[in-house]
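# Structural characterization, general
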Amino acid sequence: RIGIVGIGFMGWTHFAASTKISEAGKLTGSKLKGASVTAICARSPEKLAGDWTSIQGNFGPRAPKLDLSKISAYDNVKDMLADPDIDLIDICLPNDQHEAVAIAALQAGKHVLVEKPIAVDPKAADRMLAAAKKSGKLLMVAQVLPFFPEFQFAAECVSNGKYGKLLAAHFRRVISPPKWSAEMSDFRKLGGWGIDLHIHDNHFIRLTCGMPTQVFSRGLLQDGFVNHVHTQYVFDDAGPTVSAVSGGIAASGLDFAHGYELFFEKATMLLSAGTIGGAWCVDRPLSVITGGKVTSPKLKGGGDWCSAFTTELQTAVDSVKSGQPAPLLSGELARDALKMCHAEAKSIASGKAVKV
């Protein structure tokens with residue numbers, strides 16, 4: 001039994017990922033096995049009444065009007081956490097509110113799934129992990145990127161050595177400053193785009209390549225926060241050569257773009273896609289180049305706009321059932337990615353490589 005806290009774009013995304021919704025806005029079931037959303041928490045009376053039409057993000061459809069007659073609705077977190085009929089609190093609040101609500105939920109005896117990033121400050125992440133350990137409940141972080149089929153495939157190829165050792169990699173993730181969310185208009189509350197956006201890359205790099213010993217970054221700082229960054233990740237002699245570019249300075253009309261170039265011993269893997277001019281454009285679908293041939297692998301999953309989030313939420317549900325957090329939702333992994341973000345900011349400020 002899941003309670004979603006925060007009904008903005010990510011709250012809507014998680015709700016849509018877990019719930020079957022008819023065209024008329026009626027809830028017709030759950031997309032999850034053995035779980036369903038039973039409660040929501042929001043400040044807006046309109047959203048509590050089911051009018052979510054103000055919600056729009058940089059991918060997916062605008063939220064509809066919903067029939068929430070079967071969903072418990074709360075206008076404050078304290079009352080929601082007192083509800084004995086909720087097992088898992090799914091936190092979709094702005095980044096600077098993650099710590100307080102996560103710790104309160106853990107202390108209330110609830111398992112927690114918190115949207116990325118785990119927090120803005122690594123010390124806050126440490127406190128959250130300590131609270132989870134003390135409570136005996138799970139703290140999971142919704143870093144969704146490894147659940148997208150193209151990234152899942154890449155991670156599996158690195159892990160199983162299908163194309164030999166990963167020699168080098170480059171990642172790209174850029175956006176134009178979002179105008180679709182008032183709460184995202186101030187990048188400072190988010191930790192800058194160097195955390196809110198770029199942590200996806202750092203999490204995936206940490207997952208597939210390990211923890212770098214150093215980062216060397218160039219970029220744009222504003223009030224101490226990273227708006228745009230180019231990073232070279234330094235691993236030991238046996239590690240791959242890895243770089244990334246990420247930030248929120250693209251011109252309006254380039255809402256979102258991401259991709260990668262992965263160079264294995266026996267293959268090169270390419271991906272490039274994004275929302276350009278309001279339309280989803282795939283410049284280069286996932287392509288594997290080997291032996292002089294280009295192939296498009298058959299991917300697992302996929303489907304609708306929020307299917308990766310459905311897989312992510314199902315993984316969280318399965319973790320609650322088993323009592324063991326899934327590695328992809330690891331709070332420690334998410335904290336490491338956050339530490340990498342902070343090291344990048346220090347490197348930009350100092351002009352030097354910085355230890356992670």
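## Thoughts on the overall build of the protein chain
- For the protein chain, the helix and strand inventory stands at 11 helices and 17 strands.
- Viewed in the frame of its principal axes, the protein chain has a C-alpha envelope of about 55 × 40 × 40 Å.
- In the protein chain, which comprises 356 residues, the share counted as buried stands at 52%.
- Here the contacts in the protein chain between residues at least 6 apart in sequence split such that 68% fall between residues at least 24 apart.
- For the protein chain, the exposed surface amounts to about 15,600 Å²; the carbon and sulfur share of it is 53%.
- Between the centroid of the 38 positive side chains of the protein chain and the centroid of its 34 negative side chains there is a distance of 3 Å.

## Some remarks on the packing of aromatic side chains
- Evaluated as defined, the whole model comprises 10 aromatic pairs.
- Taking 5.8 Å as the distance between ring centres and 35 degrees as the angle between the ring planes, the aromatic pair formed by Trp 12 and Trp 305 counts as tilted. With Trp 12 in helix H1 (residues 9–18) and Trp 305 in the loop between strand E16 (293–295) and helix H10 (307–322), the pair connects residues that are 293 residues apart, well separated along the chain.
- On the basis of relative accessible area, Trp 305 is assigned to the partly exposed category, the value being 25%.
- Ring centres 5.0 Å apart and planes at 65 degrees place the aromatic pair Phe 15 and Trp 52 in the edge-to-face group. With a gap of 37 residues between them, Phe 15 in helix H1 and Trp 52 in the loop between helix H2 (45–48) and strand E5 (72–74) connect regions that are remote in the sequence.
- Exposure remark for Phe 15: the relative accessible area of 0% places this residue in the buried category.
- Judged by its relative accessible area of 0%, Trp 52 is buried.
- Among the aromatic residues, those joined into a ring-pair cluster are Trp 12, Phe 15, Trp 52 and Trp 305.

## As for H10
- The terminal C-alpha atoms of H10, which comprises 16 residues, lie 23 Å apart, in line with the 22 Å expected from a rise of 1.5 Å per residue.
- Within the sequence span of H10, burial applies to Ser 307, Ala 308, Phe 309, Thr 310, Glu 312, Leu 313, Gln 314, Thr 315, Ala 316, Val 317 and Ser 319.
- Contacts made by the buried residues of H10 are with strand E1 (2–5), H1, strand E6 (88–91), strand E7 (111–115) and strand E8 (139–142).
- Backbone geometry just downstream of H10 places Gly 323 in the positive-phi region, at approximately 85 degrees.

## With respect to the sheet that holds E7
- Read from one edge of the open sheet, 6 strands run E5-E4-E1-E6-E7-E8, paired in parallel fashion. The open sheet terminates on both sides in strands that have one partner only, identified here as E5 and E8. Between one strand axis and the next, the sheet turns through 20 degrees on average, direction left out of account.
- Where strand E4 (residues 37–41) meets E5, 3 bridges bridge the pair, whose relative direction is parallel. What sits directly across from Ala 39, in E5, is Ser 72.

## What to know about the side chain of Asp 201
- Checked against the element boundaries, Asp 201 lands in helix H9 (residues 199–209).
- Judged by relative accessible area, which is 1%, Asp 201 ranks as buried.
- Other than its neighbours up to four places away in sequence, Asp 201 contacts Phe 171, Arg 173 and Ser 246.

## Focus: the pairing of strand E15 (residues 279–290)
- Pairing of strand E14 (residues 268–276) with E15 involves 8 bridges; the strand directions are antiparallel. Opposite Met 269, over in E15, you have Val 288 as the bridge partner.
- Joining the antiparallel neighbours E14 and E15 is a turn of 2 residues, in which Gly 277 adopts a positive phi near 60 degrees.
- Where E15 meets E16, 3 bridges bridge the pair, whose relative direction is antiparallel. Residue Ile 289 lies in a different strand from E16, and its bridge partner there is Val 294.
- Counted between consecutive antiparallel strands, the loop separating E15 from E16 contains 2 residues, among which Gly 291 sits at a positive phi close to 60 degrees.

## As for the state of the cysteines
- Applying the stated criterion across every chain, the model contains 0 disulfides.
- Lacking any disulfide linkage, Cys 306 is separated from the closest cysteine sulfur, that of Cys 92, by 12 Å.

## Observations regarding the nonpolar core
- Ile 2, Phe 15, Ile 40 and Trp 52 are the most contacted members of the largest nonpolar core, which totals 35 residues.
- Elements supplying a minimum of two residues to this core: E1, H1, E4, E8 and H10.
- Apart from the residues within four sequence positions on either side, Ile 2 is in contact with Leu 32, Ala 35, Ser 36, Val 37, Thr 38, Ala 39, Ile 86, Leu 88, Asp 90 and Val 317.
- Formed by 33 residues, the second largest nonpolar core is a distinct cluster that contains Leu 93, Ile 103, Ala 119 and Ala 125.

## Brief notes about the packing of H1 against H10
- Running from N to C, H1 and H10 point in directions that differ by 75 degrees, and their axes come no closer than 8 Å. As the angle between them shows, H1 and H10 are arranged roughly perpendicular. Residues Met 10, Thr 13, His 14, Ala 17 and Ser 18 of H1 form the contact with H10, whose own contacting residues are Phe 309, Thr 310, Glu 312 and Leu 313.
- Among the residues making up the contact of H1 with H10, the classes are represented as 4 nonpolar, 4 polar and 1 charged.

About the thresholds
- In every chain, residue numbers begin from 1 and rise along the written sequence.
- Owing to the predicted nature of the model, reporting of local features is limited to residues with pLDDT of at least 70; listing and counting of side-chain atom pairs is limited to 80 or more, with chain, interface and lining totals taken over all residues.
- Based on all heavy atoms of the structure, the side-chain values leave hydrogens and waters out of the count.
- Strands are runs of DSSP state E lasting at least 2 residues, helices are runs of H or I lasting at least 4, and numbering of each runs from the N terminus.
- Buried residues are those whose accessible area, probed at 1.4 Å on protein chains only, stays under 20% of the maximum for their type, while exposed residues exceed 50% and partly exposed ones sit between those limits.
- Should any heavy atoms of two residues lie within 4.5 Å, those residues are considered in contact.
- Accessible surface area values rest on a Shrake-Rupley calculation with a 1.4 Å probe, where residue burial reflects the displayed protein chains alone.
- The positive count covers Lys and Arg only, the negative count covers Asp and Glu only, and His and the chain ends enter neither.
- Think of each charge as sitting on NZ of Lys, CZ of Arg, CG of Asp or CD of Glu.
- Stacked, tilted and edge-to-face pairs are distinguished by plane angle, under 30 degrees for stacked and over 60 for edge-to-face with tilted covering the rest, among Phe, Tyr and Trp rings (Trp via its six-membered ring) whose centres lie within 6.5 Å.
- Take the number of residues in a helix, subtract one, and multiply by 1.5 Å to get its expected span.
- DSSP bridges decide pairing: two strands pair if at least two such bridges lie between them.
- Here an angle of 0 to 180 degrees is reported between the N-to-C directions of two axes, which are lines fitted to C-alpha atoms, with helices fitted over the stretch in contact.
- The disulfide definition used here is simple: a pair of cysteine sulfur atoms within 2.5 Å.
- Definition of nonpolar core: a set of buried residues of the types Ala, Val, Leu, Ile, Met, Phe, Trp, Tyr and Cys, connected through side-chain atoms within 4.5 Å.
- Each angle receives one of four descriptions, namely roughly parallel if under 35 degrees, roughly antiparallel if over 145, roughly perpendicular if within 65 to 115, and oblique otherwise.
- Nonpolar residues are Ala, Val, Leu, Ile, Met, Phe, Trp, Tyr, Cys and Pro. Charged residues are Asp, Glu, Lys and Arg, and all others, Gly as well, are polar.

Bear in mind that shape data such as this cannot, by itself, settle questions of function.
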